[in-house]
Amino acid sequence: MGRKPKSVGERNLDRIVGANVARLRQAQGADVRELAERLEITISMVHKVEQGVRGLTLYQLVKVHRLFGCSLDELIFGEKHKPEHVKRLPIISMKDFEG
């Protein structure tokens, strides 16, 4: 069985993330080869990601976030994106479940 075709939304997300990966990589002066080595993918794959042809796995997105010191929001939404409509939820601890 082949891979299921991506939806329009998934393809758009790949383009946006790819453009942001390229912008962050260039801003930090990293070359494609270096990024490929760090993500453990081929140089060709980095080009495809940056062009929006291929997406990254969640694991690879977390690696990019750590390499470039950016948030996952920034990778997905662009520069220093902080949605104002998002409400911070309280942190729940195990003490909240103790009787």
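Please read these numbers as outputs of a predicted model, since none were measured by experiment.

Examining the packing of helix 2 (residues 32-39) against helix 4 (residues 58-68)
At step 1: Two elements in contact, helix 2 and helix 4, have axes whose closest approach is 10 Å; the angle formed by their N-to-C orientations is 125 degrees. Considering the angle they form, helix 2 stands oblique to helix 4. Our pair here, helix 2 against helix 4, has a crossing hand that is right-handed. The residues of helix 4 that touch helix 2, namely those facing Leu-35, Arg-38 and Leu-39, are Gln-60, Lys-63, Val-64, Leu-67 and Phe-68.

Some points on helix 3 (residues 43-50)
At step 1: Those residues of helix 3 that sit buried are Met-45, Val-46, Val-49 and Glu-50. Buried residues of helix 3, viewed axially, fall in a sector of 135 degrees; they line one side.
At step 2: On its buried face, helix 3 sits against helix 1 (8-27) and helix 2.
At step 3: Looking one or two residues beyond helix 3, the residue adopting positive phi is Gly-52, at roughly 80 degrees.

Observations regarding the side chain of Arg-25
At step 1: One can find Arg-25 in helix 1.
At step 2: You can call Arg-25 buried: its relative accessible area is 8%.
At step 3: At 2.6 Å, the side chain of Arg-25 forms a polar contact with the side chain of Glu-50.
At step 4: Residues contacting Arg-25, with those up to four places away along its chain left out, are Ala-30, Asp-31, Val-32, Leu-35, Glu-50 and Phe-68.

Section: the pattern of salt bridges
At step 1: One pass over the structure, following the stated rule, counts 5 salt bridges.
At step 2: Note that Asp-31 and Arg-33 form a salt bridge whose closest N and O atoms lie 3.7 Å from each other.
At step 3: Residue Arg-33 is classed as partly exposed on the basis of its relative accessible area, which comes to 44%.
At step 4: Linked by salt bridges that have partners in common, Asp-31, Arg-33 and Glu-37 make up one network.

Conventions used here
Sequence order sets the numbering: in each chain, residues are counted from 1 along the sequence as written. In view of the model being predicted, local features appear only for residues whose pLDDT reaches at least 70, and side-chain atom pairs are presented and counted only at 80 or more, with totals across whole chains, interfaces and linings using the full set of residues. Water and hydrogen atoms were dropped before computing side-chain values, which therefore reflect all heavy atoms in the structure. Note on definitions: angles span 0 to 180 degrees between N-to-C directions of axes, and those axes are lines fitted to C-alpha atoms, for helices only across the stretch in contact. Put simply, DSSP H or I for four residues or longer makes a helix, DSSP E for two residues or longer makes a strand, and each gets a number counted from the N terminus. Angular relationships are summarised with four words: roughly parallel below 35 degrees, roughly antiparallel beyond 145, roughly perpendicular across 65 to 115, and oblique for the angles in between. Whether a crossing is left-handed or right-handed is set by the direction in which the near helix is turned from the far one by less than a right angle, anticlockwise for left-handed and clockwise for right-handed. Every residue pair with non-hydrogen atoms within 4.5 Å of one another is taken to be in contact. Burial classification: accessible surface area is computed with a 1.4 Å probe over protein chains only, and a residue below 20% of its type maximum counts as buried, one above 50% as exposed, and the rest as partly exposed. It is the directions from the helix axis to the C-beta atoms whose arc is reported. Distance and chemistry together define a polar contact, namely a pair of N or O atoms within 3.5 Å, with one atom able to donate a hydrogen and the other to accept it when in protein, and with adjacent residues in sequence counting only for side-chain atoms on both sides. Salt bridges, as used here, are contacts in which a Lys or Arg side-chain nitrogen is within 4 Å of a carboxyl oxygen on Asp or Glu.

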